[in-house]
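# Chain and residue survey
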Amino acid sequence: MTTSTDRSFALLPGARDALEGEAVFLTGIQALVRVVLDAMRRDRGAGLHTAAFVSGYPGSPLAGFDKEMIRHKELLAELDVVHLPAQNEELAATAVAGSQLAQGFQGARYDGVLGAWYGKAPGLGRALDAMWHGQFTGASSNGGVLLFVGDDPAPKSSMVPSASEHTLASLHVPVLFPGTVDEILSLGAHGVALSRASGLWTALKIVASVADGFGTASAGALHAVGIDPRPGVGSYVPMVRPPCVPDSVRTEQEIATVRSEIASEYGRVAGLNRVTVGADDAWLGIVAPGSVYRELLAAMERLGLDEAAIRRYGVRLMHVQMLHPLEPLSFRTFGRGLSEILVIEEKQPLLEPYLRQALYGTADPPRIVGRRDEQGKPLLPGFGVLSSSELAGPIAARLGQRVPDSALSPQRAERPKIQVASVQRSPFFCSGCPHNSSTQVPNGALVGVGTGCHALSAWADEHRVGKIVTKAQMGGEGATWLGLEPFVAADHMFQNMGDGTYFHSGQLAIQAAVAAGSHITFKLLYNGAIAMTGGQDPAESNSRPVEDVAEVLIRQGVARVLITTDDPKKYRAVRLPRGVEVWHRKRVLEAQTVLARVPGVTVLIHDQRCAAEKRRDRTRGRLPRPDRRVYINERVCEGCGDCGAVSNCLSVEPVETELGRKTAINQTSCNADYSCIDGNCPSFVTVRPWPPGIAARVLGRGRVTRAAQDGPVGRQQHAPKPGDVMEPRAIVDPEDFSIRMPGIGGTGVVTVSQIVGMAATHAGRHVHGLDQTGLSQKAGAVVSDVRVSTRPLLGSNQLGHAADLYLGFDQVVALLPGNLDTVEHGRTVAVVSSSPVPTADMLTQADRSLPPREHVEAALST
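## Overview of the overall build of the protein
Of regular secondary structure, the protein possesses 31 helices and 32 strands. The buried share of the protein, taken over its 862 residues, is 52%. Summarising the internal contacts of the protein: among those between residues at least 6 apart in sequence, 78% fall at separations of at least 24.

## Points about the environment of Val812
Within the fold, Val812 resides in helix H29 (residues 811-814). Linking Val812 and Ala781, residues 31 residues apart in sequence, is a C-alpha distance of 9.0 Å.

## Structural notes on the packing of aromatic side chains
Inspection of every chain in the model, using the stated rule, returns 7 aromatic pairs. Consider the rings of Phe503 and Tyr526, whose centres lie 6.3 Å apart with planes at 75 degrees: the pair is edge-to-face. A residue pair is termed long-range when its members are at least 10 positions apart, and Phe503 in helix H20 (residues 499-516) and Tyr526 in strand E20 (residues 520-526) qualify at 23 residues. Accessibility expressed as a relative area gives 3% for Phe503, which makes it buried. Here the aromatic cluster, defined as three or more aromatic residues joined through ring pairs, consists of Phe65, Tyr118 and Phe148. One cation-aromatic arrangement involves Lys205 over Phe177; the distance from NZ or CZ to the ring centre is 5.3 Å. Note that Arg587 overlies the ring of Trp583, its terminal NZ or CZ placed 3.8 Å from the centroid.

## A word on the packing of helix H14 (residues 328-335) against helix H15 (residues 351-359)
Two numbers describe how H14 lies on H15: the axes approach to 9 Å, and their chain directions differ by 80 degrees. Classified by the angle their axes make, H14 and H15 are roughly perpendicular. Across the interface between the two elements, Pro328, Phe331 and Arg332 of H14 pack against Tyr354, Leu355, Ala358 and Leu359 of H15.

## As for the pattern of salt bridges
Opposite charge on two side chains makes pairing possible when the charged atoms of those side chains draw close. Following the criterion strictly, the structure yields 32 salt bridges and no others. Among the ionic pairs, Arg241 bridges to Glu254, the shortest N-O distance being 3.4 Å. Of the two residues, Arg241 is situated in the loop between strand E10 (227-229) and helix H11 (248-270) and Glu254 in helix H11; the sequence distance between them amounts to 13 residues. Exposure remark for Arg241: the relative accessible area of 28% places this residue in the partly exposed category. In this structure, Glu340 and Arg398 form a salt bridge, with 2.8 Å as the shortest nitrogen-oxygen distance. Taken as a pair, Glu340 in strand E15 (residues 340-343) and Arg398 in helix H16 (residues 388-399) lie far apart in primary sequence, 58 residues in all. Here Glu340 matches Arg398 in class, with each residue buried. Residues joined in a network through salt bridges with shared partners are Glu301, Asp736, Arg787 and Arg791.

## A closer look at the packing of helix H12 (residues 290-302) against H16
Between H12 and H16, whose axes approach to 8 Å, the crossing angle comes to 65 degrees. Both H12 and H16 take part in a crossing whose hand is right-handed. For the pair formed by H12 and H16, the contact residues are Glu295, Leu296, Ala298, Ala299, Met300 and Arg302 on the first element and Ser388, Ser389, Leu391, Ala392 and Ile395 on the second. Residue composition of the contact of H12 with H16, grouped by class: 7 nonpolar, 2 polar and 2 charged.

## A closer look at the nonpolar core
A general tendency of soluble globular proteins is for nonpolar side chains to be buried together. Counting 91 residues, the largest nonpolar core has Val81, Trp117, Leu147 and Phe148 as its most contacted members. A per-element tally of this core places helix H1 (residues 28-45) first, with 9 residues. In this structure, Leu284, Val315, Ile344 and Leu386 belong to the second largest nonpolar core, which totals 29 residues.

## Considering the sheet that holds strand E17 (residues 446-449)
Strand order in the open sheet made by the 7 strands is E18-E17-E19-E20-E23-E21-E22, with parallel pairing throughout. The two strands at the open ends of the sheet, each matched to only one other strand, are strand E18 (467-471) and strand E22 (581-584). Adjacent strand axes in the sheet meet at a mean angle of 25 degrees when their direction is disregarded. When strand E21 (residues 560-565) meets E22, the two strands line up parallel, connected through 4 bridges. Within E22, the position partnered with Thr564 by the bridge is Trp583. Here helix H22 (residues 588-596) sits on the sheet in contact with strand E19 (493-498), E20, E21, E22 and strand E23 (601-607), set at roughly 165 degrees to E23.

## Quick word on a nonpolar patch on the surface
On the surface, Tyr631, Val685 and Val687 cluster together into a nonpolar patch covering about 230 Å² of accessible area. Tracing the sequence through the fold places Val685 in strand E27 (residues 684-687). What makes Val685 partly exposed here is its relative accessible area of 37%.

## As for H15
Among the residues making up H15, those that are buried are Leu351, Glu352, Tyr354, Leu355, Ala358 and Leu359. In an axial view of H15, the angular spread of the buried residues amounts to 160 degrees, which keeps them on one side of the axis. Where H15 ends, the next residue or the one after it, Gly361, has phi of about 90 degrees, a positive value.

## Digging into unusual backbone geometry
Cis peptide bonds are those with omega within 30 degrees of zero, and the linkage from Ser60 to Pro61 qualifies with 10 degrees. Structurally, Pro61 is set in the loop between strand E3 (50-56) and helix H2 (65-71). Notably, His172 is not glycine yet its phi reads approximately 60 degrees, a positive angle. Tracing the backbone through its elements, the reader meets His172 in the loop between helix H7 (165-170) and strand E7 (175-176). The phi torsion at Ala672 lies on the positive side, around 55 degrees, for a residue other than glycine. Mapped onto the elements of the fold, Ala672 is located in the loop between strand E26 (660-665) and E27. Classification of Ala672 as buried rests on a relative accessible area of 10%.

## Observations concerning the sheet that holds strand E2 (residues 24-27)
Taking strand neighbours across the sheet as the criterion, the 7 strands line up as E2-E9-E29-E30-E28-E31-E32 in an open arrangement whose pairing is mixed. Every interior strand has two partners, whereas the edge strands, E2 and strand E32 (829-832), have only one. Neighbour to neighbour, the strand axes of the sheet diverge by 15 degrees on average, direction disregarded. Contacts from helix H8 (residues 181-198) reach E2 and strand E9 (213-217), with the element oriented near 75 degrees to E9.

## Here's the deal with the side chain of Glu477
Among the structural elements, Glu477 can be located in the loop between E18 and helix H19 (479-484). Here Glu477 sits buried without a salt bridge, and the closest side chain of opposite charge, Arg126, lies 7.3 Å off (N-O distance). Polar contacts involving the side chain of Glu477 include one to the main-chain amide nitrogen of Thr451, which spans 3.1 Å. Engagement of the side chain of Glu477 in a polar contact is seen with the backbone nitrogen of Gly475, the distance being 2.8 Å. In this structure, Glu477 is in contact with Val449, Gly450, Thr451, Ala472, Gln495, Asn496, Met497, Thr501, Ala509 and Phe522, ignoring residues within four places of it in sequence.

## What to know about helix H6 (residues 128-137)
Those residues of H6 lying buried are Ala130, Met131, Gly134, Gln135, Phe136 and Thr137. The secondary structure elements touched by the buried residues of H6 are helix H4 (89-99), strand E5 (112-120), helix H5 (121-126), strand E6 (145-151) and H11. Once H6 ends, the next one or two residues include Gly138, with phi positive near 100 degrees.

## Comments concerning the confidence of the model for the protein
The pLDDT averaged across the protein works out to 85; a share of 89% of its residues lies at or above 70. By mean pLDDT, strand E1 (residues 9-11) is the weakest element of the protein at 40, and E7 is the strongest at 98. Here residues 1-21 is modelled with pLDDT under 50, and outside its nearest four sequence neighbours on either side it reaches 55 contacts, counting other chains as well. For residues 702-716, every residue scores under 50 in pLDDT, and the model assigns this stretch 7 contacts once sequence neighbours within four places are set aside.

## Let's talk about the environment of Glu78
Its location among the elements puts Glu78 in helix H3 (residues 73-78). Look at Glu78 and you get exposed, because its relative accessible area is 60%.

## Details of the environment of Val24
Residue placement: Val24 occurs in strand E2. Taking relative accessible area as the criterion, Val24 reaches 30% and is therefore assigned partly exposed. Distance from Val24 to Thr216, taken between C-alpha atoms, is 5.3 Å for residues 192 residues apart in sequence.

Rules used in this analysis
Residues numbered from 1 in each chain as written. Predicted model: local features only at pLDDT ≥ 70, side-chain atom pairs only at ≥ 80, totals over all residues. Heavy atoms only, no water. Helix = DSSP H or I, 4+ residues; strand = E, 2+ residues; numbered from the N terminus. Buried < 20%, exposed > 50% of the residue type's maximum accessible area, 1.4 Å probe, protein only. Contact = heavy atoms within 4.5 Å. Phe/Tyr/Trp six-rings, centres within 6.5 Å; stacked < 30°, edge-to-face > 60°. Lys NZ or Arg CZ within 6 Å of the ring centre and 35° of its normal. Axes fitted to C-alpha atoms, helices over the stretch in contact; angles between N-to-C directions. Parallel < 35°, antiparallel > 145°, perpendicular 65-115°, else oblique. Salt bridge = Lys/Arg side-chain N within 4 Å of Asp/Glu carboxyl O. Left-handed = near helix turned anticlockwise from the far one by under 90°. Nonpolar A, V, L, I, M, F, W, Y, C, P; charged D, E, K, R; others polar. Core = buried A, V, L, I, M, F, W, Y, C linked by side-chain atoms within 4.5 Å. Pairing = 2+ DSSP bridges. Patch = residues over 30% accessible without salt bridge, like charges linked within 9 Å, V, L, I, M, F, W, Y side chains within 5 Å. Areas by Shrake-Rupley, 256 points an atom, 1.4 Å probe, with all protein chains shown as cover. Arc of directions from axis to C-beta. Lys, Arg positive; Asp, Glu negative; His and termini not counted. Polar contact = N/O pair within 3.5 Å; in protein donor to acceptor, adjacent residues only side chain to side chain. pLDDT = per-residue confidence, 0-100.

Right, here's the structure in full:
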C-alpha cells in the first residue's frame, strides 16, 4: 500500500480562467445533470472510454433531478450514462459502490464508471451505513463517486431543517459547497477529479436556494475541468476493493491519512478556498462558504460597500468552496495581519472551530468570532437561513469598530405591519385529490402521519382527518405507535402511508407492527405517484398491482385487508386473495370502522389515481377527457358550503354575487372528481357537451363555423405584426433591474421567471434568480426572484433589496410581510392581480374572506 502523498498537481486548461463563448441559461437541477454529462464528454476528449451510473431517490430540493435525467434519456444513452431510480437511498448508495468495482473487473467493458448518488438530507441519514461501506470500498481512478446531497435549511419542504456537512465529514467525505449555477459546474468537475485522485467518495452540498436557483452559466464554467496529477511524481493510484475485516483498520488508516491528505492538497492547489477581496493591510477578515458567501456579498451591497470600499476600509473576504477537509495553509495566509476574523456559516459551526485550530500557535493570531462575539454573547444565529438582511446588522456592528457610521448606508426602516385578518395561503390537497377522501376517519380517531401528500392533513380540520398524534420519518410510519401504545388508554390508531413510502421502506414498519401484536390500521394510499415532489413513479408500483400488495400483506400476517376505490369495476376481472374485498370509496369511513374492530394489524388500501398526474395525462392525450362538467346554479345555491365540506376540494369556491355569497365550480382547476355532487344540494347541474357532429346538425354548420372563426384561432389570424406594436417606454433601468413575483404554485409563476431569464440570456444579459417553491405543488405560496444586468451578478439570487417590479400573481401571497419588504415607495412598480383566489379554509368557513382591494392598495403604497 502506498503511503506517500508527495505528488504535484497541474492545472488543466480552463480550470480557473473563463473561456470566451456564449453563456447558457440553466437551473440548479439542470446544472447537476450537466455535471455527469460533461464528465463523460471530458473523458472522451481525453481518450478514456468511461460510463456513468446514477442512482438515488427524489426529494426536495433535488426533486426534479431524476425527472431531468429521464427527460434526456437519449443523450444519456449516447454518453453511456445509466440512470436507475432506486427503491430507497440506501440501496442506491450500495449500487453506486458496486459501480466502482467495474474498473479492472474481468470482462469490464469500460475504463471506469463514474458513480453518482442523489438524495436529500434525510435520505443521506438512511444511506449512512451503505456509504460508510462504500467509502471503505473506495472510488476508482477512472470512475469516482459524487454524492449530490440536498439540504433544506429553512426548511420549506421538509419536516426538519438540515445541514449535512458534519455527517459527511464523519465519513471522511470531501464536501464541496457551490453557491451558483456556475459553481455547480466547476465544483462538479473538481469533485470528479478529486474523487479519482484520492479514492474518496466526494459530495456536493446543494441547498434549496441553489437547487431552485437559476442563472446564466459562463463559458468558463461550461468548460470547467479539474486538476490532474503529473505522472511519475510519487503518484498514488486508488485501489478499489470490498471491505474486508482483516484489512479494515489498514483501510481506515489509508482513508484518514493518505486519501484525506490528497483531498486537502487538492483543495489548496485548486484554490477552492481563496481570498476574493482585500488588501494586505486589512484588519478584519470575513469567511463564508458556498451560498452564504453570496448572502455576504449582498449584505455588503445593502451597506453600500462595493469592492473598492471593502478594500479601502481594510476588510478581507474569503470564499470557502471546500468545507472538508480543510487545509491550514490557506487559512493561515488569509489570517496574516488581521486583528479579527468573522466566520459566517449556517447551523452548527464547522469552519469556526477549524479556523481556531489552524491559527492556534501562529504569531499574533487574530480574534475569531462567529456564533458568539468576543464577550460570549450571541452574534449570528445557529438556526434557520442566514439572509443578507440578517447579516447586514452584525457586519455593520463589526465594521463599526473602525469604520464611521456615515460610511455605511442606513438600513431600511421596517415596514409597518398591515393586518390581513387571518388569511393565509396554506398548502392543500389538489382539486380532486384522492386524499380528500382517503384521509377521512371516523369521529374521535387517532391518526399518525409521515412523509407524503397526506401530511397536508396537518392543515385540515380535526373533525375530518382525526386527531394527529404522531409524525414519523419516511418508513417509520406506525412504529411510533409501538412505543406509545403500551402506556396509554387508547387501544387503536390509524396510520397514513403513501405507496411511495411503502415501496421505499414502509413495508418494514407494517411487519414490525405485526410482530409486536399491535392494534393499528394502516391506510395505504395507493395513488401511483410520488406526488409531493413532482409525480415520479414509486419503485415497483407499475409492476406491483394492488392485488399483489394485498397478497403480500396477508402472507405477512395482516389480519384483514380492504380495498376502497373510485372505480370498483376494474377489479371484476382481478383475482384477489381470500378475504380481501373491494368497496367503493364512498364507504371509506365504514371500511375503517370495520377494520378498527379487528384485533391486530389491518390495512385499508385506498386505490385512486393522483389527480395531478391524471390531469397531466389528459392534457397529453394519454387519458380521455371527462365527458361531463359540473356547474352550480347561483340562484338556487344558498352558499352553505356543504359541497366544500363533502368534497374538500379547492375547485369548490365561494364567490360574491348580487345575490350574496354563493358557491361556484372553478372550471379551470377542476379535475372532474365529481365528489362535490355527493351532498344533498339541488343547485348542482351536470352538463354533457354535444359531439361535434350533432352540434353542427342542430345549430347549423355555417353558424358553428362562424363561431369557431370568432374564437381564439380566428383572433390569432388577425394578430398584429411585431412592427405594428409600439416599443414600450422603460420606467426602470434596463441595464440592471429586479423582479419579485409572489403567487400560488401551479399558476405559472415559475414559468414566467424561466421565460424572463431565458429571454434575458438570449439578449446577452447576465441573469440569476430563485424560484422559492416549497410546497407550491400543493397550492402553497411560491415566490420567484429574477435579476437582470449587463454586468456579472455576484450576490445572492434571492432579492434582498427593493424590487423594480413587484408582479403579484396572488393578493394573499403578495401581502405577506417578507414579500412586502421588497416594495419601496418611489421605486417599485407594483402590478397585482385583482382576481380573487379563495384559500383552503374558505371552503368550509363562511366567515373567512379575502382582503378588500383598498386593503391591498394601502399595503403596497405604505
